[in-house]
Amino acid sequence: MDKPIRIALIPGDGVGGEVLAEALPLLAWAKTRGRSLEAVGLPYGADHFLATGETLPDAAFLDLRDRYDAILFGAVGDQRIPDGRHAEEILLKLRQGLELTVNFRPCTSILPVPPPTFDVEVFRENTEGPYCLQGFTEPGRAVDLAIHTEPAVRRLLQAAFLRAEHVCRPLTLAHKANVLKHGHGLWARIFEDLRKEHPSVAANSMHADALLCALVQDPGPFGVIAADNYLGDLISDLCAAFIGGLGVAPSISWAPHHPFRCTALAEPVHGSAPDIAGQGRANPVGMILSTALLFRHLGWEPEAAALEGAVSIALAEGAKTRDLGGTLSTAAMGKAIRDHLPR
Ligand code: ATP
């Protein structure tokens, strides 16, 4: 028997636990197909912070880093902690501490809609840029630094080039190097270097504002889009709108250079959605498709493909939560999808 893959489960806050609950039976299903895994639930989130004052303690971080292979994450964010301190310390500590530079957000039409369908994959740098949390406020001004380092930018762009090469699709870099001359200038330079190393990729770069306009007018010419943390966040949420909204958009982050045992964190693109939390209304599709991305990351391609197929069939049969115009609860949607998994 293979050594079990150890997966940490962090439901977090709001709808995080509700959607993660629909991923758990999928882990059990993977086991029935011979996949060796062990899943362990961890309590970090707003309730734990309010009860103990702990966000993600150093010992817990080191345990995750060195004794787990991957993390399935729900969402963090809670109105009882308005400055979002716990969310920052948990999620950003994981992303930055585990060096999960590459955030992959595929946005492919899954709802049964007439063509043209939408199919754009966003590679978002996940650890730096303006989300590096280095800034300050003082009387009369507020400063947020944006840090871009050569290793992280190169790693992200290299992953995007490899993906574009693999799927034979064009690659576009979104940037604002015309104004952000230093940070985005670095992105543009490294992009040019890599373009020479990957001559088979149709690679071009666009100012992000023009790219957003072009994407809305005609997404057809786009394939893979690479961007820094901030632009990647915005572009991928816009892409999610093309495929049915935040409830259906998946993501996975990974460390391509394998610095630690734990190399991946899969989570839906959406946040904790406090407006619908606790009502059984959250769409679990983003979480379930993120689980499929995790299966693929682990090399479990048949299970990943079967899961994506089950989601497509359930949606084609009309299974829908309220955000998609249907009536199903989170749990009923999860079951409608599981009903189409091969035994
Ligand atoms: P973050 O900053 O963490 O991304 P946010 O507050 O900007 O979070 P979300 O929590 O993702 O955004 O919520 C944005 C909107 O999308 C809300 O109206 C929410 O109800 C809706 N939404 C988010 N997730 C889901 C879901 N799984 N199912 C249905 N609707 C969702």
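Sequence order as written defines the numbering, with residues in each chain counted from 1. Only residues with pLDDT of 70 or above have their local features reported here, since the model is predicted, and side-chain atom pairs are shown and tallied only from 80 upward, although totals for entire chains, interfaces and linings are computed over all residues. Only hydrogens and water are set aside when side-chain values are computed; all heavy atoms of the structure are taken into account.

**A closer look at the site of the ligand**
Selection criterion: Near residues are defined by distance, with any heavy atom within 4 Å of the molecule or strand qualifying the residue. Definition of a polar contact: a pair of N or O atoms within 3.5 Å, with one able to donate and the other able to accept a hydrogen when the atoms are protein atoms, and with sequence-neighbouring residues admitted only if both atoms are side-chain atoms. A 1.4 Å probe and the Shrake-Rupley method give the accessible areas. Residues count as covered only by the protein chains that appear here. Three classes are used, and their members are as follows: Ala, Val, Leu, Ile, Met, Phe, Trp, Tyr, Cys and Pro are nonpolar, Asp, Glu, Lys and Arg are charged, and the others, Gly among them, are polar.
If you check the shell around the ligand, you find Leu246, Gly247, His270, Gly271, Ser272, Ala273, Asp275, Ile276, Ala282, Asn283 and Asp323 and nothing else. In this structure, His270 approaches the ligand through a side-chain N or O atom, which is 3.2 Å from a nitrogen atom. One nitrogen or oxygen atom from the main chain of Gly271 is found 2.6 Å from an oxygen atom belonging to the ligand. Protein chains shield 58% of the accessible area of the ligand, which is 620 Å² for the free molecule. By residue class, the composition of the shell around the ligand is 4 nonpolar, 5 polar and 2 charged.

**Let's talk about the domain arrangement of the protein chain**
Stated precisely, the cut-off is as follows: For each domain, the first and last residues come from an automatic or database assignment. Residue contacts are counted whenever heavy atoms from the two residues lie within 4.5 Å of one another. Values labelled buried area give the accessible surface lost by two parts on being combined, using a 1.4 Å probe and summing over both. Starting at the N terminus, helices and strands are each numbered in turn, a helix being any DSSP run of H or I of at least four residues and a strand any DSSP run of E of at least two.
The domain architecture assigned to the protein chain consists of domain 1 (1–104 + 246–343) and domain 2 (119–242). One C-alpha centre belongs to domain 1, the other to domain 2; they are set 24 Å apart. Listed by partner, the interface residues are 17 residues for domain 1 and 17 residues for domain 2. For the pair domain 1 and domain 2, the summed buried area comes to about 1,400 Å², and 59% of that belongs to carbon and sulfur atoms. Taken together, the connections running from domain 1 to domain 2 amount to 7 residue pairs in polar contact (both at pLDDT 80 or more). Among the secondary structure elements, those contributing two or more residues to the side of domain 1 that touches domain 2 are α5 (85–97), β4 (102–108) and β11 (250–254). Among the elements that take part in the side of domain 1 that touches domain 2, α5 stands out by supplying 4 residues, more than any other. Looking at side-chain class alone, the side of domain 1 that touches domain 2 contains 9 nonpolar, 5 polar and 3 charged residues.

**Digging into the pairing of strand β5 (residues 119–125)**
Put simply, the rule is: Working definition: with a 1.4 Å probe on protein chains only, accessible area under 20% of the residue-type maximum means buried, over 50% means exposed, and in between means partly exposed. Paired strands, in this sense, are two strands between which DSSP finds at least two bridges.
With 6 of 7 residues buried, β5 lies mostly within the body of the structure. Bridge count for β4 against β5 is 7 bridges, and the pairing is antiparallel. If you follow Cys107 over to β5, its bridge partner there is Val120. Sheet topology note: the β5/strand β10 (residues 224–227) ladder contains 4 bridges and is parallel. Note on β10: the bridge partner recorded for Glu121 is Val224.

**Brief notes about the layout of surface pockets**
Where we set the bar: Any residue with an atom within 4 Å of a point lines the site, the site being either a cavity, points on a 1 Å grid over the protein atoms alone where a 1.4 Å probe fits but cannot get out, or a pocket, an open set with protein on both sides within 12 Å along at least 5 of 7 lines. Grid points are joined across faces, edges and corners, and a volume is the space filled by probe spheres set on the points.
Approximately 680 Å³ is the volume attributed to the largest pocket. Looking at the largest pocket, it is lined by 24 residues, and the ones nearest its centre are Phe104, Pro106, Arg163, Leu293 and Arg296. Of all the secondary-structure elements, those providing two or more residues to the lining of the largest pocket are β4, β5, α6 (150–167), β11, α10 (285–297) and α11 (301–316). Counting residues per element, the lining of the largest pocket draws most heavily on α6, which supplies 6 residues. Two domains each donate at least three residues to the lining of the largest pocket, and these are domain 1 (1–104 + 246–343) and domain 2 (119–242). Volume-wise, the second largest pocket comes out at about 510 Å³. What lines the second largest pocket is a set of 23 residues, among which Val76, Ala87, Leu91, Leu92 and Arg95 lie closest to the centre. The leading source of residues in the lining of the second largest pocket is α5, at 5 residues. Residues that form the lining of the second largest pocket fall into these classes: 9 nonpolar, 6 polar and 8 charged. Residues lining the lining of the second largest pocket come from more than one domain, with at least three contributed by each of domain 1 (1–104 + 246–343) and domain 2 (119–242).

**Focus: α6**
The following threshold applies: Here, expected helix span is obtained from the residue count minus one, scaled by 1.5 Å.
Here α6 contains 18 residues, and its C-alpha end-to-end distance of 26 Å stays within 8% of the 26 Å for a straight helix at 1.5 Å per residue. Taken as a whole, α6 has its buried residues at Ala152, Val153, Leu156, Leu157, Ala159, Ala160, Phe161 and Ala164. Residues of α6 that are buried in the fold lie against β4, β5, β8 (171–175), α7 (183–197), β9 (203–207) and β10. Just downstream of α6 lies Cys168, where phi reads positive at about 55°.

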